[in-house]
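Listed below, chain by chain, are the residues.
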Amino acid sequence: MSRAARRGYAVTAWSAVNGLGCTTLEVVAGLRSGIPALTPAPPGTPFECVCGAVTDELPALPLAIAQLDSRNNRMAQQALAQLGDALASARERWGAERVGICVGTSTAAMDDTEAAFAAHRATGALPAGFEVLRHAAPEGLLRALAVLTGFAGPAVAVSNACASSGKVFASAKRWLDAGAVDAVLVGGADSLCQTTLRGFRALAVLSDQPSRPFSRERRGINLGEGAAFALLERSGQGPRLLGVGESSDAHHMSTPDPEGQGARLAMQAALDDAGASPADVGYVNAHGTGTRLNDAMEAAAIRAALGDADPIVVSTKGYVGHTLGAAGATEAVFVLESLLGGWTPASAGADPVDPELGIDVATEARQCELRLALSNSFAFGGSNVSLLFGAPE
Amino acid sequence: MKAAYVAGLGLWTPGYANVAAWIRGEADSEQAAPSAALLAGPMRRRASGITRAAIEALEQATAQARADLARIPSIWATAHGEHENAVAILDMMHRGEGKLSPTRFHNSVYNTASGYASIATANRTGSTSLAGGRDLVAMALLEALCLLEQGANQVAVVLFDEPLLPPFDPRGALAPLALALCLSSQPAGDRARLSKLRRDSVAPVKRHERFGDLYVSAALPLLERIAAGRPGSVPLELAGQDSGLAWCVDLELADAEG
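In this report, we go over the structure that sits alongside the text. (Residues numbered from 1 in each chain as written. Chains lettered and ligands numbered in written order. Predicted model: local features only at pLDDT ≥ 70, side-chain atom pairs only at ≥ 80, totals over all residues.)

### With respect to the overall build of chain A
Then, number 1: The number of helices and strands found in chain A is 13 helices and 16 strands.
Then, number 2: Among the 393 residues that make up chain A, the fraction classed as buried is 67%. (Helix = DSSP H or I, 4+ residues; strand = E, 2+ residues; numbered from the N terminus. Buried ≥ 20, exposed ≤ 12 C-beta atoms within 10 Å, placed from the backbone.)

Set out below in C-alpha cells:
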C-alpha cells in the first residue's frame with residue numbers, strides 16, 4: 001500500500017445539526033456543556049418518551065427543488081450551509097466531476113411517507129405531488145445534495161441502518177484509494193418518525209427516560225434526528241481519516257452477537273487499515289446506545305481489540321439520542337472536534353458506570369492531547385463499522 | 001482501475017427461475033416464488049418476497065462462481081428496499097393501538113436481505129447496502145470494483161427491487177426483479193471482462209414493460225449480453241437524464257484476450 005494510502009485522507013471541513021443545535025458551533029458548545037438536549041416525543045406518539053429533536057425552524061429547500069422538500073432534506077440543507085466555502089473550494093480545486101457524494105440514511109423521509117399514507121387513509125388521495133422515490137426514499141436526499149452542492153462525481157446512498165453514515169467513510173475511502181474521485185462529501189441524515197419510535201418500542205429497547213449508555217442503570221435507547229457532513233480530500237489540512245474497518249455479526253437481525261466478535265473485527269480492521277497500534281488510540285466514541293446488550297458487548301469488544309491501551313470511552317448518544325442513519329457521521333464530527341481541540345466530552349448519563357464493563361467510561365469532559373480516535377457504529381443485520389481518525393499533523 | 005471478470009450470474013423474477021430461462025424468454029407459471037434454499041426455518045418464514053428473490057439471485061451467481069459464501073464480500077442495491085414491510089408497518093399504525101410487530105420492524109431496513117444472507121452463510125465479512133436513483137447499478141459496480149482493487153478475490157453484487165404497492169404505486173412497474181453478478185479479479189476459463197466504468201454518450205437502457213421504472217432493471221442488458229456473448233459498451237441506466245451522458249461499462253469476451 002502506498003504511503004499516501006497509509007496516511008489516509010484529510011477531513012477538511014465538517015458540520016452537524018441535531019437536538020443540540022442548528023449550527024455546528026451550537027452543537028459543539030452543547031457537547032462541551034455536558035447537558036443532554038432531549039425533548040418529549042413528537043405529537044402522534046402513543047406513549048411517553050424523550051427524543052433528540054431539531055427544535056428550530058428549518059428553512060425550506062430552494063424553489064427550484066421544492067418538489068424535494070422534506071424535513072430530512074431541510075436538515076441536510078442546514079448542515080450543508082454550515083460548510084460555507086468548503087464546497088465551492090472543493091469544486092474549484094478538483095473539478096465538480098471529481099468530487100463524489102456518499103451519504104447514509106436509514107429512515108430517509110419516512111415521516112413524510114407516514115403523513116402521506118395517513119392523508120390517503122383520511123381522504124382517499126396522496127398529497128399532491130407526493131412520490132415515494134423523490135420525497136421519501138434515499139434517492140430524494142441524493143437528488144437534493146447533488147443540486148445543493150453542485151458535485152457531479154459518483155453519488156450514492158448507503159442504507160445499512162444504524163451503521164449507514166459510518167460506512168460511507170469506508171466507501172469514500174475506497175473510491176479515493178481507487179482513484180475514482182479526489183474528494184467526497186460524506187455524511188448522513190435521518191428524521192424522527194413513528195416507524196422507528198414504535199418499532200424500537202416493540203423491540204422493548206426504547207427507554208422512556210433519558211438514555212444512560214454504559215451506566216449500571218441503563219434501560220434502553222432514545223431516538224434522535226439530525227444531519228452531519230464531512231469533506232474528505234486527497235490532500236489538505238485537518239484531522240485525517242486513517243483507517244476503516246467493516247464486518248458482520250452473522251448472528252441476528254436486531255440483537256448483537258453477545259461475544260462482540262464482529263465489533264472487535266471491525267475495530268481491529270480499522271487499526272490494520274491504518275497500520276496503527278492500539279496503544280495510540282486515546283479515545284473511543286462508542287456506538288453506546290444504552291441497551292443492556294450493546295453496551296456490555298461493546299465494552300468486551302473494546303477490551304479485546306485495544307488490549308492494554310485503556311482509551312477514554314464515551315457515548316455521545318446521551319446528548320442527541322440515537323440518530324440512526326445520521327449517527328455515524330454525527331459521531332465522526334464529534335470525534336473530529338475532539339481531535340482538533342484536544343478534549344473529550346462526558347459520556348452523558350453514564351454515572352454510575354456499570355462496574356462490569358472494565359473500560360474507562362468518562363463521566364466528565366477531559367482536556368487531553370489525542371493522537372488517534374476510533375468511532376464505532378453497529379447496526380441491524382449485524383452490520384459493523386469502525387473508523388480511525390488522527391489528529392492534524 | 002483494474003478490470004473485473006464475471007464469474008457468475010443470477011436472476012429471478014416471477015415466471016423466470018434463472019438467467020437461462022430469462023434469455024430463452026419462456027415464462028413458466030410454476031415459478032411463482034424463488035427457492036432461496038439458503039434460507040431455512042424461521043428465517044425463511046420471516047423473509048419478505050424481495051429478500052428471498054435477492055438471496056436466490058445471490059445463490060445462483062455464487063454457485064456458478066464457486067465462491068466461498070462464508071467469506072465473500074457483497075454489495076446490495078435497491079431503490080425501494082423492504083417496501084412490502086414498510087407498507088405493512090404503515091397499515092399497522094392505523095389499526096387498534098397502532099403497535100408494530102418487532103420482526104416486521106427490524107426487517108424493514110434496506111439491509112435486511114444482506115443481513116439475512118450473512119446470517120444464513122455465517123459470513124462475517126462486511127457487506128454494504130446501497131440505495132439511490134438512476135445511477136444505482138453503476139454505483140453498485142463501482143463499489144464492487146473498488147473492493148476488488150483493494151484486494152478482494154471475489155465480490156458478489158446483488159441488485160433487487162419490487163414494484164411500489166398501493167397507495168404509492170405509480171403507473172408502470174409490474175414485477176419484482178433480482179439480479180446478481182459474482183465478479184472476480186482473476187481471468188479464468190470463459191469469464192467475460194468488465195472495464196472502464198464511466199459516463200459516456202451511449203444510448204441509455206429502454207424501460208422493459210415488465211419492470212417500468214425499477215432502476216435495477218437497467219442491469220438486464222448487461223446480464224443478457226454477458227450470457228449471450230455480445231461485447232461492447234453496455235449502458236447501465238434507464239433513460240431520463242437530461243445530460244446526454246449515461247453510465248456504461250465495456251464488456252469484452254474471453255476470446256478477445258491475447
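### Observations concerning the pairing of strand S8 (residues 226-233) of chain A
Residues and elements named next belong to chain A.
Then, number 1: In terms of residue burial, S8 counts as a mostly covered element, since eight of its eight residues are buried.
Then, number 2: Every second residue of S8 is oriented toward a common face, with Gly226, Ala228, Ala230 and Leu232 on one face and Ala227, Phe229, Leu231 and Glu233 on the other, all of them buried.
Then, number 3: In this sheet, S8 lies alongside strand S1 (residues 9-18) in antiparallel orientation, the contact comprising eight bridges. Bridge pairing in S8 places Asn18 opposite Gly226.
Then, number 4: As paired strands, strand S6 (residues 183-190) and S8 are joined by eight bridges and run antiparallel to one another. (Pairing = 2+ DSSP bridges.)

### Regarding unusual backbone geometry
Then, number 1: Look at the link from Asp351 of chain A to Pro352 of chain A: it is a cis peptide, with omega at -5°.
Then, number 2: Within the element layout of this structure, Pro352 of chain A appears in the loop between strand S12 (343-344) and strand S13 (360-361).
Then, number 3: Cis geometry marks the peptide bond from Pro166 of chain B to Pro167 of chain B; its omega dihedral reads 0°.
Then, number 4: For Pro167 of chain B, the location among the structural elements is in the loop between strand S4 (154-161) and strand S5 (177-184).
Then, number 5: Here Ala204 of chain A, not a glycine, exhibits a phi torsion of approximately 60°, which is positive.
Then, number 6: If you trace the backbone, Ala204 of chain A turns up in the loop between helix H9 (194-202) and strand S7 (223-224).
Then, number 7: According to the C-beta neighbour criterion, Ala204 of chain A is exposed, with 9 such atoms within 10 Å.

### A word on helix H8 (residues 220-228) of chain B
Residues and elements named next belong to chain B.
Then, number 1: Within the sequence span of H8, burial applies to Leu220, Leu222, Leu223 and Ile226. Seen end-on, H8 carries its buried residues on one side only, within an arc spanning 165°.
Then, number 2: Taken together, the buried residues of H8 touch strand S1 (4-12), helix H1 (19-24), S5, strand S6 (192-200), strand S7 (232-235) and strand S8 (246-252).
Then, number 3: Gly229, located one to two residues past H8, shows a positive phi value of around 70°. (Arc of directions from axis to C-beta. Contact = placed C-beta atoms within 7 Å.)

### Topic: the sheet that holds strand S2 (residues 39-40) of chain A
Residue and element names in this part refer to chain A.
Then, number 1: A sheet is described by the order of its strands in space; here three strands give the open sequence S2-S3-S7, paired in mixed fashion. Each edge of the open sheet carries a strand with a single partner, namely S2 and S7.
Then, number 2: Here S2 runs beside strand S3 (residues 50-52); their pairing, made up of two bridges, is antiparallel. Residue pairing for S3: Pro40 is matched across the bridge by Val50.

### Section: the packing of helix H10 (residues 261-274) of chain A against helix H11 (residues 292-306) of chain A
Residues and elements named next belong to chain A.
Then, number 1: Look at H10 against H11: their axes get within 8 Å of each other, and the N-to-C directions meet at 40°. Classified by the angle their axes make, H10 and H11 are oblique. The element H10 and its partner H11 pack so that their crossing is right-handed. Between H10 and H11, the residues in contact are Ala263, Arg264, Met267 and Gln268 and Met297, Glu298, Ala301, Ala304 and Ala305, respectively.
Then, number 2: Here the residues of the contact of H10 with H11 are counted per class, giving six nonpolar, one polar and two charged. (Axes fitted to C-alpha atoms, helices over the stretch in contact; angles between N-to-C directions. Parallel < 35°, antiparallel > 145°, perpendicular 65-115°, else oblique. Left-handed = near helix turned anticlockwise from the far one by under 90°. Nonpolar A, V, L, I, M, F, W, Y, C, P; charged D, E, K, R; others polar.)

### Topic: the interface of chain A and chain B
Then, number 1: Each partner contributes to the interface: chain A provides 50 residues, whereas chain B provides 49 residues.
Then, number 2: Of all the secondary-structure elements, those providing two or more residues to the side of chain A that touches chain B are helix H5 (110-123), helix H6 (132-136), helix H7 (138-149), strand S5 (155-158), helix H8 (164-178), H9, strand S9 (240-248) and H10 of chain A.
Then, number 3: It is H8 of chain A that contributes the most residues to the side of chain A that touches chain B, six residues altogether.
Then, number 4: Split by residue class, the side of chain A that touches chain B holds 23 nonpolar, 17 polar and 10 charged.

### Topic: the pairing of strand S16 (residues 383-390) of chain A
Regular strands place their side chains on alternate faces of the sheet.
All names here are of chain A.
Then, number 1: S16 sits mainly inside the fold: eight of its eight residues count as buried.
Then, number 2: Because side chains alternate across S16, one face comprises the buried residues Ser383, Val385, Leu387 and Phe389, and the other comprises Asn384, Ser386, Leu388 and Gly390, equally buried.
Then, number 3: Here eight bridges tie S9 to S16, and the two strands are oriented antiparallel to one another. Residue Ser247 lies in a different strand from S16, and its bridge partner there is Asn384.

### Description of the packing of H8 of chain A against helix H7 (residues 136-150) of chain B
Then, number 1: It is at 9 Å that the axes of H8 of chain A and H7 of chain B come closest, and there the two elements cross at 65°. In terms of axis orientation, H8 of chain A runs roughly perpendicular to H7 of chain B. When the axes of H8 of chain A and H7 of chain B are compared, the crossing they make is left-handed. Residues Ser171, Arg174, Trp175, Asp177 and Ala178 of chain A of H8 of chain A pack against Glu143, Cys146, Leu147, Glu149 and Gln150 of chain B of H7 of chain B.

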